[in-house]
Amino acid sequence: MRYSALKIFTEGLFGNKGWTPAWRTPDPKADYDAVIIGGGGHGLATAYYLAKNHGLTNIAVLEKSYLGGGNVGRNTTIVRANYFMPGNSEFYSHSLRLWEGLEADLNYNVMHSQRGQVVLFHSDGQRDAQIRRANAIVNQGDDAEIMSVDQLRAEFPYLDYDQTRFPIYGGMMQRRAGTARHDAVAWGYARGADQRGVDLIQNCEVTGIDIENGVVKGVQTTRGPIRAKKVGMCAAGRSGQVAALAGLRLPIESHVLQAFVTEGLKPVIDSVISFGMGHFYISQSDKGGLVFGGDIDMYASYAARGNLPMVEHVMEAGMTLMPMIGRAKVLRAWGGIMDMTPDGSPIIDKTPVEGLYVDAGWNYGGFKATPASGWCMAHLMATNEPHEVARRFRLDRFRTGHLMDEEGTGSQHNLH
Amino acid sequence: MRLNCPLCGPRDRREFYYSGSEDLLNRPAADATVEAWNDMLHLRLNPAGVTRDLWYHETGCGSWLLVTRNTVTHEILATERVADRKGAA
Ligand SMILES: Cc1cc2nc3c(=O)[nH]c(=O)nc-3n(C[C@H](O)[C@H](O)[C@H](O)COP(=O)(O)OP(=O)(O)OC[C@H]3O[C@@H](n4cnc5c(N)ncnc54)[C@H](O)[C@@H]3O)c2cc1C
Ligand SMILES: [Zn+2]
């Protein structure tokens, strides 16, 4: 069924009885050309582009829980392309361009809103670094502008400019950055993949990966064995455990990242704002809630909930930057499991097992990457060659020393 | 979350700096293979369940601690000083 304004209108006239489920719920077949482990944003996008760009439709996405129940439905939805390093820069640039055409492509409203993101700076050194970054972003073909304090005051009058501790020196704005409705991205890709014949199989946990003589043959699942010529691992925070089923150890440590949302308020914050001196960033959802978050809790964790020190830090940083939010009540807090790599950059690559591919290491930036990750993972699985914009996301770059440490914080999993 | 420092007693998590998996203690010889170094620095078992990792009592006694804990429940099962381990120099 094609969605349109006319369809909504006519359904409204006839009691909304004509809507059909957005995707089928098939039983798994015994045999597929390819299966994808993980029905989050990346797994669903991979399936969609395998079908759409490469004509592979005898494929299945295996999800241990329900579609979109992982991090794709738990993140703070920031979409941006303000990366610096070769390798990251062209990848996120490609991703942002895909975002800009995504709703038309999927015939699905993912509520992509290019409301801009500003990263504030609070010292001469930070200003230099942000100007350098802005120049690199412009060179990669995307937009960035440096805003003076006067320009910021006009657009964000509620920031605390005059505090002596962390005075605001200016900010780097990317106007094409913004937010999107996270669940809708999962649902849109799921529907698009299903329409092209992909089987979406929920409540189907992969419990084993079958390998014979170094070649992948299929997977064992809680809904029985499934044979497959190719297997893609898109398990985000659970990547280490899925890879262990194939006897692999990944350069990944899983950490918990928290986020918070307040009660709904009238429109007040119309861009995404990132503090430069503490772990805090904020935006306002279309429902009116202030959505904000900080950094990971800093120790390896699989609990989808965090601890109080980071809650306190995030609240303090928020109050330092914009005291006006002090009266808003926090409604909910939650955590998601992040697949942290030693350099903070992701992996889209073949593995030592023939026919087994890995898409992992998204740290806490994987939502914005969803379209390009699916695009490049599909390319890799279909052609067995890395896609041009993802060619540096090698699994063995840690061994060979080609790390991509965007923040320059050093080779430790929790520092990115 | 609290860690029980053998020297200082139970202390708030904020007093400690987390460094990473106990793999970091298995430092290869300087002339070991690239694989051995890659193992120690980057590759992780990353268990969901019981794990052992290294914490530094930064605002306390300055000990490096080896903490056995559960990554799913955040329960702390044991804490010992790296310097007290059998075979430690
Ligand atoms: C609080 C928070 C805020 C964030 N904010 C942002 C942000 O603002 N911008 C941004 O770009 N990114 C953000 N992220 C990061 C982003 O959400 C993730 O990097 C991204 O969603 C990961 O990819 P995914 O969508 O495929 O993961 P997921 O949705 O987690 O998908 C992985 C799926 O694999 C399934 N799975 C695991 N093991 C198995 C198995 N054995 N068998 C079958 N299925 C299995 C899981 O159930 C899960 O559904 C944030 C994350 C969190 C937690
Ligand atoms: Zn101590």
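The shown structure was predicted, so the numbers you read here are calculated from the model rather than taken from an experiment.

### A look at the overall build of chain A
Okay, so step 1: When helices and strands are counted, chain A shows 10 helices and 18 strands.
Okay, so step 2: In summary, chain A has a C-alpha radius of gyration of 22 Å against a globular reference of 22 Å for 416 residues, a match within 12%.
Okay, so step 3: Its C-alpha atoms give chain A principal-axis dimensions of roughly 65 × 65 × 40 Å.
Okay, so step 4: The 416 residues of chain A split such that 57% are buried.
Okay, so step 5: Carbon and sulfur atoms provide 52% of the accessible area of chain A, an area that totals close to 16,800 Å².
Okay, so step 6: Counting 41 positive and 43 negative side-chain charges, chain A places the averaged centre of each group 4 Å from the other.

### Some points on the sheet that holds strand 3 (residues 17-21) of chain B
Residues and elements named next belong to chain B.
Okay, so step 1: Ordered by their spatial adjacency, 4 strands build an open sheet running 3-4-5-6, and the pairing between neighbours is antiparallel. The open sheet terminates on both sides in strands that have one partner only, identified here as strand 3 and strand 6 (76-81). When strand polarity is set aside, the average angle formed by the axes of neighbouring strands in this sheet is 30°.
Okay, so step 2: Judged from the 5 bridges that link them, strand 5 (residues 64-70) and strand 6 form a sheet pairing that is antiparallel. Along strand 6, the bridge assignment pairs Thr68 with Ala78.

### What to know about the coordination of the zinc ion (ligand 2)
Residues and elements named next belong to chain B.
Okay, so step 1: Looking at the zinc ion (ligand 2), the protein donor atoms are Cys5 (SG), Cys8 (SG), His57 (ND1) and Cys61 (SG), and they sit 2.0 to 2.3 Å from it.
Okay, so step 2: Every donor counted, the 4 donor atoms about the zinc ion (ligand 2) form angles of 103 to 121° at the centre, which fits tetrahedral coordination.
Okay, so step 3: Summarised as a motif, the one-chain spacing of the donors to the zinc ion (ligand 2) is C-x2-C-x48-H-x3-C. Within this pair, whereas Cys8 is found in the loop between strand 1 (2-5) and strand 2 (9-12), its partner Cys61 is found in the loop between strand 4 (50-56) and strand 5, the two being separated by 53 residues in sequence.
Okay, so step 4: Classification of Cys61 as partly exposed rests on a relative accessible area of 34%.

### Here we look at the pattern of salt bridges
Okay, so step 1: Using the criterion set out here, one finds 35 salt bridges over all chains in the structure.
Okay, so step 2: Of the charged contacts, one joins A:Arg176 and A:Asp143 as a salt bridge, the two residues approaching to 3.6 Å between their closest N and O atoms. Of this pair, A:Arg176 sits in the loop between strand 6 (170-174) and strand 7 (178-179) while A:Asp143 sits in the loop between helix 4 (124-139) and strand 5 (145-147), and the two are 33 residues apart along the sequence.
Okay, so step 3: Connected via shared salt-bridge partners are A:Arg249, A:Glu253, B:Asp23, B:Asp39 and B:Arg44.

### What to know about the domain arrangement of chain A
All names here are of chain A.
Okay, so step 1: You can read the domains of chain A as domain 1 (5-77 + 182-251 + 343-400) and domain 2 (114-175 + 253-340).
Okay, so step 2: A straight line from the C-alpha centre of domain 1 to that of domain 2 covers 30 Å.
Okay, so step 3: Listed per partner, the contact involves 14 residues of domain 1 and 18 residues of domain 2.
Okay, so step 4: Both sides of the domain 1 and domain 2 interface together cover about 1,300 Å² of buried area, and 49% of this is carbon and sulfur.
Okay, so step 5: Three residues stand out in domain 1 for area buried against domain 2, namely Arg74, Thr76 and Tyr364, and they jointly supply 47% of the buried area on that side.
Okay, so step 6: The tally of links between domain 1 and domain 2 comes to 0 salt bridges.
Okay, so step 7: Counting every contact that joins domain 1 to domain 2 gives 9 residue pairs in polar contact (both at pLDDT 80 or more).
Okay, so step 8: Class assignment for the residues of the side of domain 1 that touches domain 2 results in 5 nonpolar, 7 polar and 2 charged.

### Concerning helix 9 (residues 370-383) of chain A
Residues and elements named next belong to chain A.
Okay, so step 1: With 14 residues, helix 9 should reach 20 Å at 1.5 Å per residue; the first-to-last C-alpha distance of 20 Å fits that figure.
Okay, so step 2: Within helix 9 the residues assigned to the buried category are Thr370, Pro371, Ala372, Ser373, Gly374, Cys376, Met377, Ala378, Leu380 and Met381.
Okay, so step 3: Asn384 sits one or two positions beyond helix 9 and adopts a positive phi of about 65°.

### Some remarks on the site of ligand 1
Residue and element names in this part refer to chain A.
Okay, so step 1: Of all residues adjacent to ligand 1, which total 38 residues, the nearest are Glu63, Asn71, Val72, Thr76 and Lys368.
Okay, so step 2: The backbone of Asn71 places a nitrogen or oxygen atom 2.8 Å from an oxygen atom of ligand 1.
Okay, so step 3: Between ligand 1 and Val206, the relevant distance is 2.9 Å, taken from a nitrogen atom to a main-chain nitrogen or oxygen of the residue.
Okay, so step 4: In isolation ligand 1 exposes 1,000 Å². Once the protein is present, 96% of that is buried.
Okay, so step 5: Those elements that place two or more of their residues in the shell around ligand 1 are helix 2 (41-54), strand 12 (253-264) and strand 16 (330-340).
Okay, so step 6: Grouping the constituent residues of the shell around ligand 1 by class yields 17 nonpolar, 15 polar and 6 charged.
Okay, so step 7: Residues lining the shell around ligand 1 come from more than one domain, with at least three contributed by each of domain 1 (5-77 + 182-251 + 343-400) and domain 2 (114-175 + 253-340).

### Let's talk about the side chain of A:Asn88
Residues and elements named next belong to chain A.
Okay, so step 1: By the secondary structure assignment, Asn88 is in helix 3 (residues 88-106).
Okay, so step 2: A residue is classified by how much of its surface remains accessible, and Asn88, at 1% relative accessible area, is buried.
Okay, so step 3: Excluding its chain neighbours within four sequence positions, the residues that come into contact with Asn88 are Tyr83, Ser345, Pro346, Phe393, Met404 and Glu406.

### Description of the environment of A:Ser283
Residue and element names in this part refer to chain A.
Okay, so step 1: When you line up the elements, Ser283 lands in strand 14 (residues 281-284).
Okay, so step 2: The buried category is assigned to Ser283, whose relative accessible area is 3%.
Okay, so step 3: Sequence separation of Ser283 and Phe14 is 269 residues, and the distance between their C-alpha atoms is 38 Å.
Okay, so step 4: Apart from residues lying up to four places away in sequence, Ser283 is in contact with Ile78, Thr179, Ile269, Ser271, Val272, Gly289, Leu290 and Val291.

### Observations concerning the interface of chain A and chain B
Okay, so step 1: Taken together, the 30 residues of chain A in the interface contact 27 residues of chain B.
Okay, so step 2: For the pairing of chain A and chain B, the buried interface totals around 2,400 Å² over both sides, and the portion due to carbon and sulfur atoms is 47%.
Okay, so step 3: Counting every contact that joins chain A to chain B gives 5 salt bridges.
Okay, so step 4: Residues A:Arg399 and B:Glu35 are paired through a salt bridge, measuring 3.6 Å at the closest nitrogen-oxygen approach.
Okay, so step 5: A per-element tally of the side of chain A that touches chain B places strand 15 (residues 289-300) of chain A first, with 4 residues.
Okay, so step 6: Across the side of chain A that touches chain B, the residue classes tally to 13 nonpolar, 10 polar and 7 charged.

Analysis parameters
Numbering of residues starts from 1 in every chain and runs along the sequence as written. Each chain is given a letter, starting from A, and each ligand a number, starting from 1, according to the order in which they appear as written. Where totals are concerned, whole chains, interfaces and linings use all residues; where local detail is concerned, this predicted model gives features only for residues with pLDDT of at least 70, and gives and counts side-chain atom pairs only at 80 or more. No hydrogens and no water enter the side-chain calculation; it runs on all heavy atoms of the structure. Elements are defined by DSSP. Helices are runs of H or I of four residues or more, strands are runs of E of two residues or more, and each kind is numbered from the N terminus. Only C-alpha atoms enter the radius of gyration; for comparison, a globular chain is expected to reach 2.2 Å times N to the power 0.38, where N is the number of residues. To sort residues, take the accessible area from a 1.4 Å probe on protein chains only and compare it with the maximum for the residue type: under 20% means buried, over 50% means exposed, and anything in between is partly exposed. Here the open area of atoms and residues is found with the Shrake-Rupley method and a 1.4 Å probe, where only the protein chains shown may cover a residue. Positive charges come from Lys and Arg alone, negative charges from Asp and Glu alone, with His and the N- and C-terminal ends not counted. Throughout, a charge is located at the NZ atom of Lys, the CZ atom of Arg, the CG atom of Asp or the CD atom of Glu. Note on pairing: two strands pair once DSSP finds at least 2 bridges between them. Angular values range over 0 to 180 degrees, each being the angle between N-to-C directions of two axes fitted as lines to C-alpha atoms, with helices fitted over their stretch in contact. Because water is not among the atoms used, a metal site may look incomplete, as its donors are only the N, O and S atoms within 2.8 Å, or 3.2 Å for Na, K and Ca. Metal sites are grouped by the angles between bound donors: all angles between 85 and 135 degrees with four donors is tetrahedral, opposite donors over 155 degrees apart with the others between 65 and 115 is square planar for four donors and octahedral for six, and any other pattern is irregular. What counts as a salt bridge is simple: a side-chain nitrogen of Lys or Arg found within 4 Å of a carboxyl oxygen of Asp or Glu. Residue ranges assigned to each domain were obtained from an automatic or database domain assignment. Contact definition: two residues touch when any of their heavy atoms are within 4.5 Å. Summed over both partners, the accessible area lost on bringing two parts together, with a 1.4 Å probe, is the buried area. The definition of a polar contact used here is a pair of N or O atoms within 3.5 Å, where within protein one atom must be able to donate a hydrogen and the other to accept one, and adjacent residues in sequence count solely through side-chain atom pairs. Under the scheme applied here, ten amino acids are nonpolar (Ala, Val, Leu, Ile, Met, Phe, Trp, Tyr, Cys and Pro), four are charged (Asp, Glu, Lys and Arg), and all others, including Gly, are polar. The span expected for a helix works out to 1.5 Å for each residue beyond the first. Think of it this way: one heavy atom of a residue within 4 Å of a molecule or strand is enough to make that residue near it.

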